[in-house]
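# A look at the structure
Residue strings, one per chain:
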Amino acid sequence: MSQTLENFTAIDEKLSQRHLDLDPGGYFIIYLDREAGLICAKHFSNAIDERGLAVDPETGKVIPARGKVERTHTRVFAGRTAKELCVKIFEETQPCPVTQLAHAAYLGREFVRAEMALVSGGEYVQD
């Protein structure tokens, strides 16, 4: 059975709706710096409260999943390729800011999507 782009898109859209436990190590905002030819990932710290929600470790306020949030990142990682960015975050940074395998897998997928957009000139929107 051959897969079509529509089938792949439908599978991914369904999987994007599943519940995920948040990483107490923090979260990343991924974007492209096209002028520099880089995939960038801003890392933000967080804590997870008793409800499983991400909260600002200093204020205890819930960090909304959507909308603009005024927070200061802990670090910006950048790489020319998805692999270079993964090496910087997962191999060269100690302690690693990612503490869950599911989060690491998600970031790897997003970095590849961002790399494809960078190379093709297409739009990148983080899932």
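The following refers to the structure shown. Residues take numbers from 1 onward in each chain, read along the sequence in its written order. With pLDDT at 70 or above as the cut-off, local features in this predicted model cover only qualifying residues; side-chain atom pairs require 80 or more to be listed or tallied, and sums for whole chains, interfaces and linings still use all residues. As a rule here, side-chain values come from all non-hydrogen atoms in the structure, and water together with hydrogens is ignored.

What follows covers the side chain of D56. You can see D56 is positioned in the loop between β4 (54-55) and β5 (75-79). Residue class for D56 comes out buried when judged on its relative accessible area of 15%. Any pair of residues with heavy atoms lying within 4.5 Å of one another is described as a contacting pair. In contact with D56, not counting residues within four places along its chain, are K61, I63 and R71. Only DSSP runs of H or I reaching four residues or more are called helices, and only runs of E reaching two or more are called strands; each is numbered from the N terminus. Here the term buried applies to any residue with accessible area under 20% of the maximum for its type, exposed to any over 50%, and partly exposed to those in between, with areas from a 1.4 Å probe on protein chains only.

The next thing to look at is the nonpolar core. Here is a general trend for soluble globular proteins: nonpolar side chains tend to be buried in one another's company. Each nonpolar core is a collection of buried residues, namely Ala, Val, Leu, Ile, Met, Phe, Trp, Tyr and Cys, held together in the definition by side-chain atoms within 4.5 Å. One finds F28, I30, I39 and F111 to be the most contacted residues of the largest nonpolar core, which totals 17 residues. Broken down by secondary-structure element, the contributors of at least two residues to this core are β1 (27-33), β2 (38-44), α2 (82-91) and α3 (101-120). When residues in this core are grouped by element, the largest group, 6 residues, is from α3. If we skip the residues at most four places from it in the chain, F28 touches A41, K42, H43, F77, I89, P97, V98, H103, L107 and Q126.

Taken as a whole, α2 has its buried residues at A82, L85 and I89. Down the axis of α2, the sector holding all buried residues measures 70 degrees, keeping them to one side. For α2, the exposed residues set more than 90 degrees away from the buried face come down to K83 and E91. Close packing links the buried residues of α2 with β1, β2, β5 and α3. The arc in question is the one spanned by the directions pointing from the helix axis to the C-beta atoms.

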